[in-house]
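Listed below, chain by chain, are the residues.
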Amino acid sequence: MIKKINILGFEYSVEESNFVEKEKEQDLTGEVWNTHTKININSASKSEDHKLGTLFHEIIEALNYRLEWKLSHQLVTQLESSLFQVLKCNPKFVKMFLKDENE
Ligand SMILES: [Zn+2]
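Thresholds, definitions, all that
Residues numbered from 1 in each chain as written. Predicted model: local features only at pLDDT ≥ 70, side-chain atom pairs only at ≥ 80, totals over all residues. Helix = DSSP H or I, 4+ residues; strand = E, 2+ residues; numbered from the N terminus. Contact = placed C-beta atoms within 7 Å. Pairing = 2+ DSSP bridges.

Undergrad: Could you give an account of the environment of Gly53, naming the residues involved and the relevant values?
TA: As for its placement among the helices and strands, Gly53 is situated in helix α1 (residues 48–66). Linking Gly53 and Glu80, residues 27 residues apart in sequence, is a C-alpha distance of 7.0 Å. Not counting chain neighbours up to four residues away, the residues in contact with Gly53 comprise Glu80 and Phe84.

Below, the structure is given as C-alpha cells:
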C-alpha cells in the first residue's frame, strides 16, 4: 500500500490499521479524515484488491468533500466500483498516464 496520495494538492497520509467494529452501519473497510488529510484502510480486509478499492472509495469521498459535489454515499460507492473495474481491467489505459515518465 502506498503511504501518501495527493488529492487536489492536499497530501493525504495512507495508513493501514485494524478497525474495531463500533457501528455496524459505518463503512468499516476504510475512513477518510479530511481535516487531518488522513486515510485509514482496514488491514483486516480480505485482499490487496479490496484494500485498493477501499482507497479508491476514500479518494472519491475526499473529492466529494473538497469539491462539495454532495454525492450520496450510494453514488460514491457506485463510482468506486465502476471506475475501479474499468481501471483494473484496462492496464494499458492506466499505463498511458505514466507515459511522460517512460520517455
Ligand atoms: Zn464511504
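Undergrad: Talk me through the pairing of strand β2 (residues 10–17); I want residue IDs and the actual numbers.
TA: Of the strand pairs in this sheet, strand β1 (residues 4–7) and β2 are connected by 4 bridges, and their pairing is antiparallel. Bridge pairing in β2 places Asn6 opposite Glu11. Between β1 and β2, which pair antiparallel and follow one another directly, the connecting turn spans 2 residues, one of which, Leu8, has a positive phi of 55°. Sheet analysis places β2 next to strand β4 (residues 38–42), joined by 5 bridges and oriented parallel. Along β4, the bridge assignment pairs Glu15 with Asn40.

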